[in-house]
Amino acid sequence: MNISELHKLFLTSSGINTDTRTIKENELFFSLSGDNFNGNKFAQQAIDKGAKYAVIDDKDYETENTILVSNTLETLQDLARYHRNQLSCPIIALTGSNGKTTTKELINAVLKTSYKTSATIGNLNNHIGVPLTLLRMHKDTEIGIVEMGANHLKEIEFLCNIAQPDYGYITNFGKAHLEGFGSLEGVIKGKSELYAYLKNKNKSAFIDLDNNKQVTQASNINHITFSQTKKSYINCKFIDANPNVRVAFDDSVIHSNLIGSYNFTNISAAICIGKYFKVSDNNIKNAIENYIPTNNRSQIVEKNSNKIILDAYNANPTSMRAALENFNRLEAKHKTVFIGDMFELGADSEKEHQDIVNYIKTLKIDSVYILGKQFNKTTHSNIQAFVDFNDFKEQFKTKISNSTILIKGSRGMALERIIDIL
């Protein structure tokens, strides 16, 4: 069966699924395999649960309700690329080291006030997530929003060739996934593959004129710009973030539910994209003000007498420093910080963790606790350290009250569990 025939079958189905636990009637099941499992083994289970067909790449599991292909993952990607070519809607792609998912959610919140949008769910932004995102779009979709993640070179280029975006936005370049990219220069090169695609296809990029690295990398590309002070398509002004970010644009003031001055740029990008697509100022304001972050991303949690800033979804040296810098500026009688290891830093890990500890020592924070094997390797006088969460759970006996608390670490640390201990 070729891709055109498979696509016709897809259009008569109720969608694509790769997880037998969530199979719905009449879906197409793609038997994706991993390093430690053979997805083909689940094909019959998916069919028994209601899947119309199961796409497999092992003939040992072939039945009358399976579709045998040479490679299930590649077929999923090819189907998504073929489907993209049948869509008439513009697609906005975004990537970056920090803030991708929050920015994507803000953009979608703004645009869906005026359009039928379809956006990446959660952070399904890799070589599997992007195809699944595209295959959720249909003929009635008016704007598609695709988040793209990457931890090595050529990955963004690969995803662009599937999604074929008409517009792009890069949130920032930071010290994330250094193990895969090799260096900050590697990160910049990798993320800028989106710019290279847009330039080659004569498409357009949304650019923050106040970010010199972005301006440099995006030279000779069609621009839609935003800035605080420079002449641009839209000007946004940062008012304050104590703790929630307030932003002014045109004659409107947005009182967001986002914390951290670093979210000013994310909000500004959503305003710029909304204005470009002719969304009214009132709809932009209401959409951003009604957006409430979830999934441990810059959430405020009140517990007992403490106000907790939960930013435990992920962390890298750039986002960690930004969170600490913002926390240091907050007005509070007592401040406490819990930070956990930052993953995927490769050979730079020891230095980057020590740099964070050194930076903390320059801040006005009353109590600091560090968790993780990497932070334990640092020189950290006057800072209490724990090898891992279990060590923290057993050893931490301090009663914290009437404090403003920051919790931040990489996803693997799962530091949101600290809240139950406090």
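About the criteria used
Residues numbered from 1 in each chain as written. Predicted model: local features only at pLDDT ≥ 70, side-chain atom pairs only at ≥ 80, totals over all residues. Heavy atoms only, no water. Helix = DSSP H or I, 4+ residues; strand = E, 2+ residues; numbered from the N terminus. Rg over C-alpha atoms; globule rule 2.2 N^0.38 Å. Buried < 20%, exposed > 50% of the residue type's maximum accessible area, 1.4 Å probe, protein only. Areas by Shrake-Rupley, 256 points an atom, 1.4 Å probe, with all protein chains shown as cover. Lys, Arg positive; Asp, Glu negative; His and termini not counted. Charge placed at Lys NZ, Arg CZ, Asp CG, Glu CD. UniProt positions renumbered as here; feature names shortened; annotations may be inferred. Pairing = 2+ DSSP bridges. Axes fitted to C-alpha atoms, helices over the stretch in contact; angles between N-to-C directions. Contact = heavy atoms within 4.5 Å. Salt bridge = Lys/Arg side-chain N within 4 Å of Asp/Glu carboxyl O. Parallel < 35°, antiparallel > 145°, perpendicular 65-115°, else oblique. Left-handed = near helix turned anticlockwise from the far one by under 90°. Nonpolar A, V, L, I, M, F, W, Y, C, P; charged D, E, K, R; others polar. Disulfide = S-S within 2.5 Å. Arc of directions from axis to C-beta.

1. Some points on the overall build of the chain
Moving on, step 1. Helix and strand counts for the chain stand at 17 helices and 19 strands.
Moving on, step 2. For 422 residues, the compact-globule estimate of 2.2 N^0.38 gives 22 Å, and the chain sits close to it at 23 Å.
Moving on, step 3. Along the longest, intermediate and shortest principal axes, the C-alpha atoms of the chain span 65 × 55 × 40 Å.
Moving on, step 4. A burial count over the chain gives 54% of its 422 residues as buried.
Moving on, step 5. Approximately 19,000 Å² of the chain is accessible, and the part contributed by carbon and sulfur atoms is 44%.
Moving on, step 6. Where the 48 positive side-chain charges of the chain centre and where its 46 negative ones centre are 5 Å apart.

2. Quick word on the UniProt feature "domain: Mur ligase N-terminal catalytic" (unreviewed entry) in the chain
Moving on, step 1. UniProt records the feature "domain: Mur ligase N-terminal catalytic" (unreviewed entry) at residues 14-83, using the numbering of this structure.
Moving on, step 2. What you have in residues 14-83 is 26% helix and 17% strand, and the ends, taken at the C-alpha atoms, are 15 Å apart.

3. Some remarks on the sheet that holds strand 19 (residues 404-408)
Moving on, step 1. Ordered in space as 14-15-19-16-17-18, the six strands form an open sheet in which the pairing is mixed. At either end of the open sheet lies a strand with only one pairing partner, and these are strand 14 (299-303) and strand 18 (384-386). If you compare each strand with its neighbour and ignore which way they point, the axes differ by 20° on average.
Moving on, step 2. Bridging between strand 17 (residues 367-371) and strand 18 involves three bridges; their strand directions are parallel. Its bridge partner lying in strand 18, Ile-370 is registered against Ala-385.

4. Focus: the UniProt feature "domain: Mur ligase central" (unreviewed entry) in the chain
Moving on, step 1. Mapped onto the present numbering, the UniProt feature "domain: Mur ligase central" (unreviewed entry) falls on residues 95-273.
Moving on, step 2. In this annotation, residues 95-273 is assigned 36% helix and 26% strand; the end-to-end C-alpha distance for the span is 15 Å.

5. Brief notes about the sheet that holds strand 11 (residues 234-241)
Moving on, step 1. An order of 6-7-5-8-9-10-11-12-13 is seen for the nine strands of this open sheet, with the pairing classed as mixed. Strand pairing shows two members of the sheet lacking a second neighbour, strand 6 (117-119) and strand 13 (252-259), which therefore form its edges. Across the sheet, the mean angle separating the axes of adjacent strands is 25° when strand polarity is ignored.
Moving on, step 2. With two bridges connecting them, strand 10 (residues 222-227) and strand 11 associate as parallel partners. Looking at strand 11, one finds that Ser-227 is bridged to Asn-235.
Moving on, step 3. Strands strand 12 (244-249) and strand 13 of the sheet are contacted by helix 12 (residues 281-289), whose axis makes an angle of about 20° with strand 13.

6. Some remarks on the pattern of salt bridges
Moving on, step 1. Inspection of the entire model under this criterion finds 17 salt bridges.
Moving on, step 2. Lys-154 is paired through a salt bridge with Glu-157; the nearest N and O atoms lie 3.4 Å apart.
Moving on, step 3. Taking the shortest distance from any N to any O, the salt bridge between Glu-289 and Lys-285 comes out at 2.8 Å. Separated by four residues within a single helix, Glu-289 and Lys-285 lie in helix 12, roughly one turn from each other.
Moving on, step 4. Connected through shared salt-bridge partners, Arg-84, Asp-166 and Lys-203 make up one network.

7. With respect to the environment of Thr-103
Moving on, step 1. Looking at the secondary structure, you find Thr-103 in helix 4 (residues 100-111).
Moving on, step 2. Judged by its relative accessible area of 0%, Thr-103 is buried.
Moving on, step 3. Put simply, Thr-103 and Gln-384 are 281 residues apart on the chain and 34 Å apart in space, counted from C-alpha to C-alpha.
Moving on, step 4. The contact partners of Thr-103, leaving out residues within four places of it in the chain, are Leu-94, Tyr-169, Thr-171, Asn-266 and Ala-269.

8. Digging into the side chain of Thr-20
Moving on, step 1. Tracing the backbone shows Thr-20 in the loop between strand 1 (16-17) and strand 2 (28-30).
Moving on, step 2. Leaving out residues up to four positions away in the same chain, Thr-20 has contacts with Phe-29, Phe-42, Gln-45, Ala-46 and Lys-49.

9. Things to note about the packing of helix 6 (residues 155-163) against helix 9 (residues 193-200)
Moving on, step 1. Between helix 6 and helix 9, the shortest axis-to-axis distance is 8 Å and the interhelical angle comes to 40°. In terms of axis orientation, helix 6 runs oblique to helix 9. Crossing angle aside, the handedness with which helix 6 passes helix 9 is right-handed. For the pair helix 6 and helix 9, contact is made by Glu-155, Ile-156, Glu-157, Cys-160 and Asn-161 and by Glu-193, Leu-194 and Tyr-197, respectively.
Moving on, step 2. In the contact of helix 6 with helix 9, the residues fall into four nonpolar, one polar and three charged.

10. What about the packing of helix 3 (residues 72-86) against helix 6?
Packed helix pairs are specified by the crossing angle of their axes together with the interaxial distance, meaning the distance between the axes.
Moving on, step 1. For the pair helix 3 and helix 6, the least separation of the axes is 7 Å and the interaxial angle reads 50°. When the axis of helix 3 is compared with that of helix 6, the two are oblique. Of the residues in helix 6, those in contact with Gln-77, Ala-80, Arg-81 and Arg-84 of helix 3 are Phe-158, Asn-161, Ile-162 and Ala-163.
Moving on, step 2. Class assignment for the residues of the contact of helix 3 with helix 6 results in four nonpolar, two polar and two charged.

11. Some points on the state of the cysteines
When the sulfur atoms of two cysteines share a covalent bond, that bond is a disulfide.
Moving on, step 1. This model, assessed by the stated rule, comprises zero disulfides.
Moving on, step 2. Free of any disulfide, Cys-89 has its nearest cysteine sulfur in Cys-160, 16 Å distant.
Moving on, step 3. Of the cysteine sulfurs around Cys-236, a residue in no disulfide, the closest is that of Cys-272, at 7.4 Å.
Moving on, step 4. Cys-236 gets classed as buried once you look at its relative accessible area, which sits at 1%.

12. Side note on helix 6
Moving on, step 1. Every buried residue belonging to helix 6 is among Glu-155, Ile-156, Leu-159, Cys-160, Ile-162 and Ala-163, and all of these are buried. Along the axis of helix 6, the buried residues cluster in a sector spanning 160°; they form a single face.
Moving on, step 2. Summarising the contacts, the buried residues of helix 6 are in contact with helix 3, strand 5 (91-95), helix 5 (129-135), helix 8 (184-191) and helix 9.

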